[in-house]
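Remarks on the overall topology
Listed here are the chains, written in short residue letters.
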Amino acid sequence: MPVRRLDPVLVDRIAAGEVIERPAAAVKELVENAIDAGARAIAVTIAAGGRELIRVVDDGAGMTPDDLALAVERHATSKLPDSDLFAIRSLGFRGEALPSIGSVARLSIATRRHDAAQGSGLVVEAGEKGVVRPVAAAPGTRIEVSDLFAFTPARLKFLKSDRAEAQAVSEMLRRLGIAHPAIRFSLEGEHVSPFDWPAEAVGDDGRLRRLGRALGRDFPENALRLDAAREGFHVTGFAGLPTFHRGTSAGVHLAVNGRPVRDKLLLSAVRGAYADVVPSDRHPVLFLDVGCDPRLVDVNVHPAKSEVRFRDPALVRGLVVSGLKAALAEAGHRATTTGGARTLEAFRAVFAGAGQGSSLRRPDLPAAPAWSAAARGFESPPQAGFAEFSASSADARAHLSEATADALDRPLGAARAQLHETYIVAQTREGIVIVDQHAAHERLVYERLKAERARSGIATQPLLLPEVVELDPVDADRLNAASEDLATLGLRLEPFGPGAVLVREAPQQLAGGNLQKLVRDVADALAEHGTAGSLERRLDHVLATMACHNSVRAGRRLRPEEMDALLREMEITPNSGQCNHGRPTYVELKLADIERLFGRR
């Protein structure tokens, strides 16, 4: 079969298969053109998920009749004045979007320059370009795409449901709106939740307001500002607290020079920065924008321009990881405000049930008898020798330790009681704090061990009698293979025949603990983590396992001074708002909310 040159319309349809694979891709190209045109308001309307109608209206610069005629030609663009692909400062640059859309749909354009007396209109249908005609038009550009893929029926078979396609359009527009808070964005149509985000002021306050609209109204008060720079790269944005996490990565928003991306390098950097503080099955919520000279990044490496290639990827990854870790460390003991809100909602549910006549009494306990008077002989005070045992536990008697004014002014307040030998109740000026003593102390021990390792190596304590731990042969081999790494963590092991190891030294912080269980849990941690990830991450995983063994256990009674000491250490320890597994270590209830709960406000 002889080689022949393809028909121009067929060429456009082939290109459309790369650029316009679904309605969301068409909306993305059109909205990016509007942003490049300097628009300050962009309105998007869709029907049937974008198959039947896509309408994008903007107030940008608009086009002259000559520019309009040329804009629908292949590879015609105004965004590469110097023909330099390594200095791209716009979102679009290939000149393929409009001809590609026009080859698979009916494309109607009406545009007008701000200084023009009238507008210009053009229709492209199935690749056939019409004549530019004068039309009545507002300043800016109005583009309508109808019957998308009508001329390539095979492509329609690969589209998802109208609802799924509409949600993809909404998600794409939200990502562009987050990256460009100074522009007003609106969306309406079937199968979407309509929104209209007003333009925000330039700066951190405006961006945070836009993020609050996109990521939820709880995000701004649970966000940490990030600003880090190194060797020509500048990372800015807002990162959610570790305990403000979600079940999917939909809350992770990344941009490079204002271009929303789903870049593998940046996603990996975010996961690495949060790996120590967020559960492995949860994802943080954040927005980061990496700014740099366009020559330091190649944006022409993906058909949808959703991935980029940095000239120095290791530098960018290190900057993102270090910037995020520094922001998280500065947060100290902070935990999300949503923890207290969820607690109050749980209380309200119980109170609502009680108000409807339900009982708060445990169903398995008999009702207390209604005594009319105290039984004779039982009204005497307890004997002096038993006064120490008259309360449920010594540490639960709040009246024995008067809260000082200084302690009440501290972020976590003054310890007042211990409940169920697990939870510390502290009083602050503005409410109360409930602390999970095991989760909190586990994080404190972990951070101590990490700091000790980074400073001078973890101090060890030789065992007077080395301890033999019997294991599954596979686990024993795994421990022996990692013995050098474990030695840097203060755990010195030696092979001791098949299926056993000998513990020679243990970290001083873990002295007196159950070494048998510790070694078995370390073996499990190594099996779970395998050889994936960096050595530091694997060692941190093992350290977290060790820290769990020397933490104050649930069920242990604490004296008032011990509880206060735990609170004070939490206030100065990075990441103490969540345990090693990413769960919150405390919740705070504001006094005003508690008073509303009881109808006092």
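Each value, and the rule that gives it
- Residues numbered from 1 in each chain as written.
- Predicted model: local features only at pLDDT ≥ 70, side-chain atom pairs only at ≥ 80, totals over all residues.
- Heavy atoms only, no water.
- Helix = DSSP H or I, 4+ residues; strand = E, 2+ residues; numbered from the N terminus.
- Buried < 20%, exposed > 50% of the residue type's maximum accessible area, 1.4 Å probe, protein only.
- Contact = heavy atoms within 4.5 Å.
- Areas by Shrake-Rupley, 256 points an atom, 1.4 Å probe, with all protein chains shown as cover.
- Salt bridge = Lys/Arg side-chain N within 4 Å of Asp/Glu carboxyl O.
- Pairing = 2+ DSSP bridges.
- Axes fitted to C-alpha atoms, helices over the stretch in contact; angles between N-to-C directions.
- Phe/Tyr/Trp six-rings, centres within 6.5 Å; stacked < 30°, edge-to-face > 60°.
- Lys NZ or Arg CZ within 6 Å of the ring centre and 35° of its normal.
- Core = buried A, V, L, I, M, F, W, Y, C linked by side-chain atoms within 4.5 Å.
- Left-handed = near helix turned anticlockwise from the far one by under 90°.
- Nonpolar A, V, L, I, M, F, W, Y, C, P; charged D, E, K, R; others polar.
- Arc of directions from axis to C-beta.

Quick notes on the overall build of the protein chain
If you tally the helices and strands in the protein chain, you get 18 helices and 23 strands. Here the protein chain holds 601 residues, and 45% of them are scored as buried. Within the protein chain, residue pairs in contact and separated by at least 24 positions form 69% of the contacts whose partners lie at least 6 positions apart. For the protein chain, the computed accessible surface area is about 30500 Å², with 53% contributed by carbon and sulfur atoms.

Regarding the pattern of salt bridges
Throughout the structure, instances matching the rule amount to 33 salt bridges. Residues R22 and E165 are paired through a salt bridge, measuring 3.0 Å at the closest nitrogen-oxygen approach. With a gap of 143 residues between them, R22 in the loop between α1 (8-19) and α2 (23-36) and E165 in helix α6 (residues 162-179) connect regions that are remote in the sequence. Three or more residues are tied together by salt bridges with common partners; here these are D406, R410, D564, R568 and E571.

Quick word on the sheet that holds strand β18 (residues 423-427)
Strand order in the open sheet made by the 4 strands is β17-β18-β19-β23, with antiparallel pairing throughout. Both outer strands of the open sheet, β17 (414-419) and β23 (586-590), are each paired with one neighbouring strand and no more. Sheet twist, expressed as the average angle between the axes of neighbouring strands with direction ignored, equals 20°. The pairing of strand β19 (residues 431-436) with β23 spans 5 bridges and is antiparallel. In the strand pairing of β23, I434 is matched with V587. Relative to the sheet, helix α12 (residues 437-455) contacts β17, β18 and β19, its axis offset from that of β19 by approximately 70°.

Here's the deal with the packing of aromatic side chains
Counting across every chain of the model gives 3 aromatic pairs. With a centroid separation of 6.0 Å and 55° between ring planes, the pair formed by F219 and F244 is classed as tilted. Of this pair, F219 sits in the loop between α7 (204-215) and β10 (223-230) while F244 sits in the loop between β11 (233-240) and β12 (252-256), and the two are 25 residues apart along the sequence. The exposure classification of F219 matches that of F244, with both residues buried. For the pair F233 and F310, a centre-to-centre distance of 6.0 Å together with 75° between the ring planes defines the contact as edge-to-face. Of the two residues, F233 is situated in strand β11 and F310 in strand β16 (residues 309-310); the sequence distance between them amounts to 77 residues. Assigned by exposure class, F233 and F310 land together as buried. The cationic tip of R155 hangs over the ring face of F149; the distance from NZ or CZ to the ring centre is 5.6 Å.

So, helix α4 (residues 97-104)
For α4, the tally of buried residues reaches 8 of 8 residues, placing the bulk of the element in the interior. For α4, the full list of buried residues reads A97, L98, P99, S100, I101, G102, S103 and V104.

As for the environment of A25
For A25, the location among the structural elements is in helix α2. For A25, a relative accessible area of 10% corresponds to the buried category. When the C-alpha positions of A25 and A168 are compared, they lie 9.0 Å apart, and in sequence the two are 143 residues distant. Discounting chain neighbours no more than four positions away, the residues touching A25 are V19 and I20.

A short note on the side chain of T243
With respect to the element layout, T243 can be found in the loop between β11 and β12. Note on T243: relative accessible area 7%, which makes it buried. Once residues lying within four places of it in the same chain are set aside, the contact partners of T243 are A335, T336, G577, Q578, G582, R583 and P584.

Focus on the environment of F238
Within the element layout of this structure, F238 appears in strand β11. Judged by its relative accessible area of 5%, F238 is buried. C-alpha of F238 to C-alpha of P220: the two residues are 18 residues apart in sequence and 8.6 Å apart in space. Beyond its immediate sequence surroundings of up to four residues, F238 is in contact with D204, R207, L208, L211, F219, A223, L224, R225, L286 and F287.

Observations regarding the nonpolar core
Grouped together as the largest cluster of nonpolar side chains are 96 residues, with contacts concentrated most on V31, I42 and L324. Looking at which element gives the most residues to this core, the answer is helix α9 (residues 313-331), with 9 residues. Once residues within four sequence positions are removed from consideration, I42 is found in contact with V31, A34, I35, V56, V57, D58, I183, R184, F185 and S186. V445, V469, A506 and A544 belong to the second-largest nonpolar core, a separate cluster that totals 29 residues.

Details of the environment of V261
Relative to the elements of secondary structure, V261 occurs in strand β13 (residues 259-261). A sequence separation of 47 residues divides V261 from V308, and the C-alpha atoms of the two residues are 7.7 Å apart.

Re the packing of helix α8 (residues 264-274) against α9
The packing of two helices is summarised by the inter-axis angle and the distance between the axes. Two elements in contact, α8 and α9, have axes separated by 9 Å at closest approach and are oriented at 35°. Of the two possible hands of crossing, α8 and α9 adopt the one that is right-handed. The segment α8 lies against α9, with L265, L266, S268, A269, V270, G272, A273 and Y274 engaging P313, V316, R317, V320, V321, L324, K325 and L328. Residues belonging to the contact of α8 with α9 are distributed by class as follows: 12 nonpolar, 2 polar and 2 charged.

Some details on helix α13 (residues 473-481)
Considered for burial, the residues of α13 that qualify are D475, A476 and L479. Buried residues in α13, looked at end-on, bunch into an arc of 100°, giving them a common side. Set apart from the buried face of α13 by more than 90 degrees, the exposed residues are D477 and A481.

Considerations on the pairing of strand β14 (residues 286-291)
In terms of residue burial, β14 counts as a mostly covered element, since 5 of its 6 residues are buried. Pairing geometry for β11 and β14, over 6 bridges, is antiparallel. Across the sheet, the residue bridging to H234 is G291, located in β14.

Some words on the sheet that holds β12
Pairing in this open sheet of 5 strands is mixed, and the strands run β10-β11-β14-β12-β13 from one edge to the other. A single partner strand is all that each edge strand has here, and the edge strands are β10 and β13. The average angle at which neighbouring strand axes cross in this sheet is 20°, direction not considered. Sitting on the sheet, α7 is in contact with β10, β11, β12 and β14, with an inclination near 45° to β11. Here α8 sits on the sheet in contact with β11, β12, β13 and β14, set at roughly 130° to β12.

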